[in-house]
Amino acid sequence: MTIKAILFDMDGVLIEAKDWHYDALNRALAHFGYTISRESHLSTFDGLPTREKLKMLSAARGLPEGLHGFMNALKQNYTLEISAMRCKPVFNHQYALSKLKAEGYRLAVCSNSVRQSVETMMKLSALDPYLDMLVSNEDVAKGKPDPEMYLKAMDALGMKPEECLILEDNDHGIQAAIASGGHLMKIGVPDDVTYHAIKARVAEVEAA
Ligand SMILES: [Mg+2]
C-alpha cells in the first residue's frame, strides 16, 4: 500500500503548545480562584478540547457550569495572545512539509483546537502554504479521541485510511488515529518531526 497523504496533529507535533494551553487555561481559571497543576494537565487534560477540560473541572472540583462559555472565550483569547508571542517558524518543519508537498503528498492538520487557533498557529509557524486542509474541533461533531476529524480529512482528500500516515503525540490523538484506520507515527516531541523520520516511517509502512 502506498502512502499518499500525511495528516498531522498540531499541538505536540507541529507546535510545542502544551505550555501555552496550560498557561492560557490557568490564566482564565485564576480569575475564579482555580488552578490546574502541571502534572494533572499533562496526565489528564492534555490534548482535550477546553470545553472537555471545563466539564471535568465542574465534575471534580465544582467549577460552576454557567461559567463555561465565558471561561472558554477567555482561555481562547489568552491562547492567541500567548501564541502571537511564542509561535515561530521551525526550520525542520518547514523543510519537511515543503519537501513532502513537492513530492506530491497531500498534507493536512487535524487538531482539537478551535479553528482560529489552528489558522493562527499555522500562519505564525509559516506552514500554511504547504497544507491542503485544516480540520479544527469546530469542523466536527466529536473531537479526538473520536476519529471523526481524521475521517473527514481522508474523505475530503479522497484518500482511503490505509493511504494515510497520521502523526500523533498523545493518548487521545493516538486513539483517534488508530480508530480511523490510518497508519500511526508516534511522536515524542515536535523535534522528532523531520523529513527523514517521516520518510523512514512511510517506507516501513509501505514495506509491511
Ligand atoms: Mg497532540
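Just so it is clear, the structure is predicted and the values come from calculations on it, not from any experiment.

Here is what the cut-offs are and how they apply
Residues numbered from 1 in each chain as written. Predicted model: local features only at pLDDT ≥ 70, side-chain atom pairs only at ≥ 80, totals over all residues. Helix = DSSP H or I, 4+ residues; strand = E, 2+ residues; numbered from the N terminus. Rg over C-alpha atoms; globule rule 2.2 N^0.38 Å. Domains from an automatic or database assignment. Contact = placed C-beta atoms within 7 Å. Nonpolar A, V, L, I, M, F, W, Y, C, P; charged D, E, K, R; others polar. Pairing = 2+ DSSP bridges. Axes fitted to C-alpha atoms, helices over the stretch in contact; angles between N-to-C directions. Core = buried A, V, L, I, M, F, W, Y, C linked by C-beta atoms within 7 Å. Buried ≥ 20, exposed ≤ 12 C-beta atoms within 10 Å, placed from the backbone. Right-handed = clockwise from strand over helix to strand, strands pointing away. Arc of directions from axis to C-beta.

Draft legend 1. Structural view of the overall build of the protein chain. The number of helices and strands found in the protein chain is 9 helices and 5 strands. The secondary structure elements of the protein chain, listed N-terminal to C-terminal, are β-α-α-α-α-α-β-α-β-α-β-α-β-α. Expected size for 208 residues packed as a compact globule is a radius of gyration near 17 Å; at 17 Å, the protein chain falls within 12% of this value. Viewed in the frame of its principal axes, the protein chain has a C-alpha envelope of about 55 × 30 × 30 Å.

Draft legend 2. Representation of the domain arrangement of the protein chain. According to the domain assignment, the protein chain consists of domain 1 (5-16 + 88-207) and domain 2 (18-86). At the interface, 16 residues of domain 1 touch 10 residues of domain 2. The set of elements that each furnish at least two residues to the side of domain 1 that touches domain 2 consists of helix H6 (115-124) and helix H8 (171-180). Each residue belonging to the side of domain 1 that touches domain 2 can be placed in one class, and the counts come to 3 nonpolar, 10 polar and 3 charged.

Draft legend 3. Local environment of the sheet that holds strand S2 (residues 106-110). Read across the open sheet, the 5 strands follow the order S3-S2-S1-S4-S5; overall the sheet is parallel. Strands with a single pairing partner mark the edges of an open sheet, and in this sheet they are strand S3 (133-135) and strand S5 (183-186). Strand-to-strand twist in this sheet, taken as the mean axis angle between neighbours without regard to direction, amounts to 25°. In this sheet, S3 lies alongside S2 in parallel orientation, the contact comprising 3 bridges. Bridge pairing links cysteine 110 to valine 135 in S3.

Draft legend 4. The nonpolar core, seen in detail. Formed by 46 residues in total, the largest nonpolar core has its most connected members in Leu7 and Tyr150. When residues of this core are assigned to their parent elements, the largest contribution, 5 residues, is made by helix H1 (residues 18-30). When residues of this core are sorted by domain, at least three fall in each of domain 1 (5-16 + 88-207) and domain 2 (18-86). Leucine 7 has contacts with Ala108, Cys110, Tyr150, Ala153, Cys164, Ile166 and Gly182, leaving out every residue within four places of it along the chain.

Draft legend 5. Main features of the pairing of strand S4 (residues 164-168). Burial of S4 is extensive: 5 of the 5 residues sit out of reach of the surface. Two strands pair when backbone bridges link them, and strand S1 (residues 5-8) and S4 are joined in this way by 4 bridges, in the parallel orientation. The residue bridging isoleucine 6 from the neighbouring strand is leucine 165, located in S4. The sheet contact formed by S4 and S5 spans 4 bridges and is parallel. Following the sheet pairing, leucine 165 is matched in S5 by histidine 183. Between the parallel elements S4 and S5, the chain passes through H8 in a crossover that is right-handed.

Draft legend 6. Geometry of H6. Buried within H6 we find Ser117, Val118, Met121 and Met122. All buried residues of H6 project into a common sector of 120° when viewed along the axis, lining one side. The inward-facing, buried residues of H6 abut helix H4 (68-86), S2 and S3.

Draft legend 7. Region of the structure containing the environment of leucine 127. Note on placement: leucine 127 falls in the loop between H6 and S3. With 23 C-beta atoms packed within 10 Å, leucine 127 lands in the buried category. Residues in contact with leucine 127, not counting those within four places in the same chain, are Leu14, His93, Gln94, Leu97 and Met122.

Draft legend 8. Region of the structure containing unusual backbone geometry. With an omega dihedral of 15°, the bond running from lysine 144 to proline 145 counts as a cis peptide bond. Within the secondary structure layout, proline 145 lies in the loop between S3 and helix H7 (148-157). Positive phi is not limited to glycine here, since alanine 126 has a value of about 60°. Inspection of the secondary structure puts alanine 126 in the loop between H6 and S3. Judged by local crowding, alanine 126 falls into the partly exposed class, with 17 C-beta atoms found within 10 Å.

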